[in-house]
Structure formats: C-alpha cells, structure tokens
Amino acid sequence: MRIVLLGAPGSGKGTQAKQLVDHYGVVQISTGDLLRAAVASGSELGLAAKAAMAAGQLVSDDIVLGMIKERLSQPDTQRGYILDGFPRNLAQAAALDTLLDGMNQSLQAAISLEVPFDDLMHRLTDRQTCANCGAIFNRSTHPSAVPDVCDLCGGPLVQRADDNAATVRHRLTVFEAQTAPLIAYYQNQGKLARIDGTRPIDEITAKFHEVLAGLSR
C-alpha cells in the first residue's frame with residue numbers, strides 16, 4: 001500500500017489513518033513529525049530545516065523530500081505507507097512522483113476524505129481538547145459524558161484558540177484552494193478515490209478497505 005491521504009481539518013482523517021495503520025501494519029508518514037524528528041536528531045537535513053525555521057522561512061520542498069526519501073528507506077515501510085500532509089500543491093505532487101518513481105515506489109492512490117464545508121465548520125468550532133491528556137471531544141458529534149470533563153483522565157476540556165469561527169473559516173478556505181488542484185492532478189492520473197466523510201466511522205473505514213482492496217500490489 002502506497003497512498004496519499006487527503007482531508008481537511010476536521011474530516012476525520014487522523015482517525016482513519018490510525019485505523020489503517022493498525023489494520024494493515026503500514027506506517028503513517030507525517031511531514032510535521034518528520035521535521036520534528038529530524039530537527040531533534042541534529043541530522044544534516046534537520047539542521048537545514050532548523051536554520052530555515054529560525055530565519056522565519058518555510059522549509060524547502062527539497063529538504064522535505066529528502067526527509068521522505070530517508071524515511072522510506074527504513075525497513076518498517078516495506079509493507080506500505082500513508083503519506084499525510086504532503087503534497088500540498090502541484091509542484092510538490094510532481095516532485096514527489098519523481099522521487100517515488102526513482103525508488104520504484106510509485107503511488108497507488110490518493111484517497112480524499114470529503115466533508116462539506118459547513119459540516120467541517122460545525123465540527124471544528126465545537127471541538128474540545130483535554131488540557132491534561134490531549135484527548136479530543138466534540139460537543140455535537142462526540143461529547144464527553146460529563147460536560148467539559150475528559151472521559152479518559154478527568155481533566156478540563158477547553159477550546160483551542162484557533163478553533164474560533166473566523167480562524168476555522170480561513171483555514172478551511174485556504175485548504176480548499178490548495179487541495180482542488182491536487183484532486184484534479186490525481187484524478188487525471190486515474191489514482192483518485194473519494195470517500196464520503198459524513199458517514200459513521202465504521203462505514204468510512206469499510207469504504208477505505210474496499211478502495212484499498214482494489215489496489216494493485
């Protein structure tokens with residue numbers, strides 16, 4: 001399995017990625033995690049990324065692609081991987097294809113978990129996070145048993161500062177603008193699969209299994 005997972009904030013992408021990792025024994029490769037690990041390790045790529053961030057610059061695509069290449073060279077990726085958070089634009093998608101083709105690991109699919117804009121707004125502005133353990137709840141779709149109290153550790157549930165309506169709307173608008181060309185890019189390659197993210201979680205998971213069963217090995 002070699003896939004890119006596309007989904008807006010609040011789409012449930014993280015939940016489904018965890019299900020896939022547990023079920024198939026593949027790895028989830030998040031560019032954010034790669035950057036943090038590389039910086040912490042003090043590797044050559046990590047030092048380059050740290051320097052860029054310290055200068056207030058975006059980490060270049062070349063650095064991120066180098067980190068992805070290093071990660072894909074590790075033995076735990078042999079059963080497959082889920083790329084999460086990259087690519088974010090057409091230039092990155094084309095560069096990623098070139099990298100993976102050179103490693104004989106061409107992508108098999110890009111799976112888009114799709115939820116309407118208004119539903120995403122509702123999900124994100126109702127989201128609560130435990131201040132102690134980080135567990136996530138939602139006042140409308142996944143409320144805690146006791147309002148504002150974490151089911152797992154009893155800690156207080158709070159709303160993140162960036163989950164206010166204006167910030168959420170901006171984040172989703174930017175995401176849609178970035179993602180629309182990627183959707184078309186992978187559709188033109190015949191690699192795009194769309195999954196309705198408004199259905200119950202177990203039905204969404206079953207649809208993922210259906211899509212993945214049709215991939216060539």
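As a reminder, the structure under discussion sits directly above these lines.
We now turn to the structure provided with this report.

Quick notes on the rules
Residues numbered from 1 in each chain as written. Predicted model: local features only at pLDDT ≥ 70, side-chain atom pairs only at ≥ 80, totals over all residues. Heavy atoms only, no water. 1 Å grid on protein atoms, 1.4 Å probe; cavity = no way out; pocket = protein on both sides within 12 Å on 5 of 7 lines; lining within 4 Å. Points joined across faces, edges and corners; volume = space filled by probe spheres on them. Helix = DSSP H or I, 4+ residues; strand = E, 2+ residues; numbered from the N terminus. Salt bridge = Lys/Arg side-chain N within 4 Å of Asp/Glu carboxyl O. Buried < 20%, exposed > 50% of the residue type's maximum accessible area, 1.4 Å probe, protein only. Polar contact = N/O pair within 3.5 Å; in protein donor to acceptor, adjacent residues only side chain to side chain. Contact = heavy atoms within 4.5 Å. Axes fitted to C-alpha atoms, helices over the stretch in contact; angles between N-to-C directions. Parallel < 35°, antiparallel > 145°, perpendicular 65-115°, else oblique. Nonpolar A, V, L, I, M, F, W, Y, C, P; charged D, E, K, R; others polar. Pairing = 2+ DSSP bridges. Core = buried A, V, L, I, M, F, W, Y, C linked by side-chain atoms within 4.5 Å.

### Focus: the layout of surface pockets
Piece 1. There is about 210 Å³ of room inside the second largest pocket.
Piece 2. Residue assignment for the lining of the second largest pocket shows that the elements contributing at least two residues are β4 (109-114), α6 (117-125) and α7 (165-188).
Piece 3. Counting residues per element, the lining of the second largest pocket draws most heavily on α7, at 6 residues.

### Considering the pattern of salt bridges
Piece 1. If you walk through the whole model with that rule in mind, you get 10 salt bridges.
Piece 2. Salt-bridge contacts for Asp-126 lead to Arg-139; the nearest nitrogen and oxygen are separated by 3.9 Å. In this pair, Asp-126 sits in the loop between α6 and β5 (127-130) while Arg-139 sits in the loop between β6 (136-138) and β7 (157-158), placing the two residues 13 residues apart along the sequence.
Piece 3. A relative accessible area of 42% places Arg-139 in the partly exposed class.
Piece 4. Here Arg-127 makes a salt bridge to Asp-163, at a shortest N to O gap of 3.1 Å. On the criterion of sequence distance, the pair formed by Arg-127 in strand β5 and Asp-163 in the loop between β7 and α7 is long-range, its members being 36 residues apart.
Piece 5. Looking at Asp-163, the relative accessible area reads 0%, which means it is buried.
Piece 6. Each member of the salt-bridge network shares a partner with another, and the members are Arg-127, Asp-163 and Arg-171.

### Description of the side chain of Ser-112
Piece 1. By secondary structure assignment, the location of Ser-112 is in strand β4.
Piece 2. By relative accessible area, Ser-112 is classed as buried at 5%.
Piece 3. Among the polar contacts made by the side chain of Ser-112, one reaches the side chain of Glu-114 at a distance of 3.0 Å.
Piece 4. Setting aside residues up to four positions removed in sequence, Ser-112 forms contacts with Leu-6, Ile-183, Leu-192, Ala-193, Arg-194 and Ile-195.

### So, the packing of helix α2 (residues 31-41) against helix α4 (residues 61-72)
Piece 1. Remark: α2 packs on α4, axes separated minimally by 10 Å, with the N-to-C direction vectors making an angle of 90 degrees. When the axis of α2 is compared with that of α4, the two are roughly perpendicular. Two secondary-structure elements touch here, α2 through Thr-31, Leu-34, Leu-35 and Ala-38 and α4 through Val-64, Met-67, Ile-68 and Arg-71.
Piece 2. Looking at side-chain class alone, the contact of α2 with α4 contains 6 nonpolar, 1 polar and 1 charged residues.

### Description of the pairing of β4
On a regular strand, each side chain points to the face opposite its neighbour's, so the side chains alternate between the two faces of the sheet.
Piece 1. Within β4, 5 of the 6 residues are buried, which leaves the element mostly enclosed by the surrounding structure.
Piece 2. Summarising the sheet, strand β1 (residues 2-7) and β4 pair through 5 bridges and their orientation is parallel. Counterpart to Gly-7 in the pairing with β4 is Leu-113.
Piece 3. Relative to strand β8 (residues 192-196), β4 is paired through 5 bridges, and the arrangement is parallel. Following the sheet pairing, Ala-110 is matched in β8 by Leu-192.

### Looking at the nonpolar core
Piece 1. Ranked by internal contacts, the top residues of the largest apolar core, which has 30 residues, are Val-4, Met-67, Ile-68, Leu-83, Leu-96 and Tyr-186.
Piece 2. Within the residue set of this core, elements represented by two or more residues are β1, β2 (27-30), α2, α3 (44-54), α4, β3 (81-84), α5 (90-102) and α7.
Piece 3. In terms of residue count, α4 provides more of this core than any other element does, 6 residues in total.
Piece 4. The residues contacting Leu-96, other than those within four sequence positions of it, are Val-4, Leu-65, Leu-83, Phe-86, Pro-87, Leu-107 and Tyr-186.
Piece 5. Counting residues in hydrophobic clusters, the runner-up holds 17 residues, among them Leu-5, Ala-17, Ala-193 and Ile-195.

### Examining the sheet that holds β3
Piece 1. The sheet built from 5 strands is open, its strands ordered β2-β3-β1-β4-β8 with parallel pairing. Across the chains shown, the open sheet's two edge strands, defined by having one partner strand only, are β2 and β8. Strand-to-strand twist in this sheet, taken as the mean axis angle between neighbours without regard to direction, amounts to 25 degrees.
Piece 2. Sheet strands touched by helix α8 (residues 201-213): β1, β4 and β8. Its angle to β8, the strand with the most contacts, is close to 165 degrees.

Purely spatial values, then, with no claim about function.
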